[in-house]
Amino acid sequence: MTDELHKQDLEKFLAEKQLNDHWKKWVRTNLDAGCDKNGMFRIMIDEGFSYEVAKAALNFEPAIPVDQIINPLKRYKDARMRETASPFIPNAVRQNVEGFELYVLDDFLNEAECDALRRKVQREAPSTGIALKDENDPSFCTRNHDLGGIKDTLFQDVDRRICSVLGLSPKHAEPLQAQFYEAGQTFYPKRDFFEADDLIEKGGALGQRSYSFVIYLEETSVGGGLSFPEVDHSVPVKRGRAVIWNNLFPDGTVNDKAVHLCRPVEKGCGLILKKIFRTENGLPAFKRLDKENVPNYTTIGFERDRLPKPLLDKIMDFYRKNFHAQVPETVAERFIKNAKTDTAKSSLIQLPKSLEKEIQACLKPVLEIWSGLKLEPTFVYGIRVYHHGTALKVHRDRNGTHIIGVIINIDQEVTDPWPLRIEDNYYRKHDIFLEPGDVIYYEATRLAHGRPQPFNGKLYTNIFSHFKIADKS
Ligand SMILES: [Fe+2]
């Protein structure tokens, strides 16, 4: 038995990858250079050395599980691949600052949202606030409130919108916070990212801090606002404005230019919301559909209008005369759903080509002015008649041929008004109630839209028209 154990140990020893001279030199050189032992440990494990061999070679054992340590070599390799992948943030303006990713996004929140948030923060949060105070300097003081634990639809919706507009995963983020600044208060220059010593302790499974997202909720009359002294750049307070920056370089290492301070509030009260994102495998955790990276061509993303009366009359005349000719419609990928399986979800009345062309010709010049694009019509779809109980899945239209879309409502017999749910370019959700003759222009590939609420009524009739960006030739 003992011989058998020795034999197994010997086989295990022979099977284990051992340090050769090359690796011994690598260990010595990197230890002499003061390299992070956690990172070295992870590199050795990834190169096939056992835990025991790495531990003996470095005379060190990590305080956290090895799979939570980032391999610095892989991090650099991934970063090179993603070096150009700075986020697309609709309507944001990247600031002209060298070597530092800093954006200003005006009107992320509107006046009504700022008012509602301020009231809720003041009502919900003060009792849980933590004063951050420097005893030696009474001007250094803010009250911090964690809003993440508060079950409130408005806080949750703003949190969702912050993640979506930046395209970062909410799973790799800290809770939303509110910070108050009274007159005369400020905070000294600080970094959001963790210093090397803190990273293991505070980073934990969530990793290093990547992007910071701050929203000014209160228009302070004098002072306040973020300043970035290392790059000599300030962003004045404007209500609803978001200031976004990356605390890291593209390779995942920390950027000292992200040092920031709050300019003293001289009059009034400052109130900001703040959310900090963490990394995934050492880099920002971007999670976004390709369609969301299609540029936005208008600020909001959609607009309501009326169809010119002569064209509406012509369509209505055709619709009445051909109402009996509707046939059940089949739509792929379960876009259109109905709890009842024995009834048609929707029907189709085929428009004549001449009327399709007239609709396109009428819409094209208006859409070109609205979008600032040279457009080419692709499809006219309909007339579609939705039936009772039907819902339209929230979706984004096809890229290329459906960049700009139009919905024309021509008829409805409803028990309850049936809203079109659409997100704007700030990821704010809207419910739009159309009347017959109303049209809505929208950035159909970029924006999520649908009618998720089952239709309560007899019929709801729409025509859809789609446009692509005209070829340059
Ligand atoms: Fe659609």
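Residues numbered from 1 in each chain as written. Predicted model: local features only at pLDDT ≥ 70, side-chain atom pairs only at ≥ 80, totals over all residues. Heavy atoms only, no water.

**Here we look at unusual backbone geometry**
Residue Gly382 is joined to Ile383 through a cis peptide bond whose omega torsion reads 15 degrees. Residue placement: Ile383 occurs in strand S20 (residues 375-387). Although it is not a glycine, Asn59 adopts a positive phi angle of roughly 50 degrees. Within the secondary structure layout, Asn59 lies in the loop between helix H4 (51-58) and helix H5 (72-81). Asn59 sits in the exposed class, given a relative accessible area of 69%. (Helix = DSSP H or I, 4+ residues; strand = E, 2+ residues; numbered from the N terminus. Buried < 20%, exposed > 50% of the residue type's maximum accessible area, 1.4 Å probe, protein only.)

**Focus on the environment of Asp107**
Structurally, Asp107 can be placed in the loop between strand S2 (102-105) and helix H6 (111-124). On a C-alpha basis, the gap between Asp107 and Tyr426 in space is 8.6 Å, while along the polypeptide they are 319 residues apart.

**Re helix H3 (residues 37-46)**
The α-helix advances 3.6 residues per turn, and as a result positions three or four apart in sequence lie on the same side. Counted residue by residue, H3 has 7 buried out of 10 residues, so it is predominantly covered. Burial in H3 covers these residues: Asn38, Gly39, Met40, Phe41, Arg42, Ile43 and Met44. Downstream of H3 by a residue or two, Gly48 has a phi angle that is positive, lying close to 105 degrees.

**Points about H6**
Look at H6: 20 Å from first C-alpha to last across 14 residues, which is about the 20 Å you get at 1.5 Å a residue. Among the structural elements, helix H7 (153-166), strand S5 (177-181), strand S7 (209-216) and strand S14 (270-280) are those in contact with the buried residues of H6. (Expected span 1.5 Å × (residues − 1). Contact = heavy atoms within 4.5 Å.)

**Concerning the side chain of Thr461**
Assignment of secondary structure puts Thr461 in strand S27 (residues 457-469). Discounting chain neighbours no more than four positions away, the residues touching Thr461 are Tyr319, Ile383, Arg384, Val385, Ile408, Asn409, Ile410 and Asp411.

**Remarks on the layout of surface pockets**
Within this model, the second largest pocket holds a volume of roughly 560 Å³. What lines the second largest pocket is a set of 22 residues, among which Arg384, His395, Asp397, His402 and His466 lie closest to the centre. Within the residue set of the lining of the second largest pocket, elements represented by two or more residues are S20, strand S21 (390-395), strand S26 (449-451) and S27. It is S20 that contributes the most residues to the lining of the second largest pocket, 4 residues altogether. (1 Å grid on protein atoms, 1.4 Å probe; cavity = no way out; pocket = protein on both sides within 12 Å on 5 of 7 lines; lining within 4 Å. Points joined across faces, edges and corners; volume = space filled by probe spheres on them.)

**Side note on the sheet that holds S20**
In spatial order, the strands read S16-S25-S22-S27-S20-S19-S17; together these 7 strands make up an open sheet with antiparallel pairing. The two strands at the open ends of the sheet, each matched to only one other strand, are strand S16 (302-306) and strand S17 (327-328). Its contacts with the sheet place helix H9 (residues 309-322) against S16, S20, strand S22 (404-414) and S27, and it is angled at close to 55 degrees to S22. Contacts from helix H10 (residues 353-371) reach S16, S20, S22, strand S25 (438-443) and S27 within the one sheet, and its direction differs from that of S20 by about 115 degrees. (Pairing = 2+ DSSP bridges. Axes fitted to C-alpha atoms, helices over the stretch in contact; angles between N-to-C directions.)

**Observations regarding the packing of helix H2 (residues 21-32) against H3**
Put simply, H2 and H3 touch, their axes get as near as 11 Å, and they point 165 degrees apart. As summarised for this structure, H2 and H3 are arranged roughly antiparallel, according to the angle between their axes. Here H2 and H3 pass one another in a crossing that is right-handed. Contact with H2, carried on its side by Trp23, Trp26, Val27, Asn30 and Leu31, involves Lys37, Met40, Ile43 and Met44 of H3 and no other residues of that element. Class assignment for the residues of the contact of H2 with H3 results in 7 nonpolar, 1 polar and 1 charged. (Parallel < 35°, antiparallel > 145°, perpendicular 65-115°, else oblique. Left-handed = near helix turned anticlockwise from the far one by under 90°. Nonpolar A, V, L, I, M, F, W, Y, C, P; charged D, E, K, R; others polar.)

**Re the packing of aromatic side chains**
Tallying each qualifying case throughout the model produces 14 aromatic pairs. Aromatic pair Trp23 and Phe49: ring centres 5.0 Å apart, planes at 80 degrees, arrangement edge-to-face. One end of the pair, Trp23, is in helix H2; the other, Phe49, is in the loop between H3 and H4, and 26 residues separate them in sequence. You can call Trp23 buried: its relative accessible area is 12%. A residue is classified by how much of its surface remains accessible, and Phe49, at 3% relative accessible area, is buried. Between Tyr319 and Phe323, the aromatic rings sit 5.5 Å apart at their centres with planes inclined by 90 degrees, giving edge-to-face as the arrangement. (Phe/Tyr/Trp six-rings, centres within 6.5 Å; stacked < 30°, edge-to-face > 60°.)

Keep in mind that these numbers describe shape and distance, not what the molecule does.
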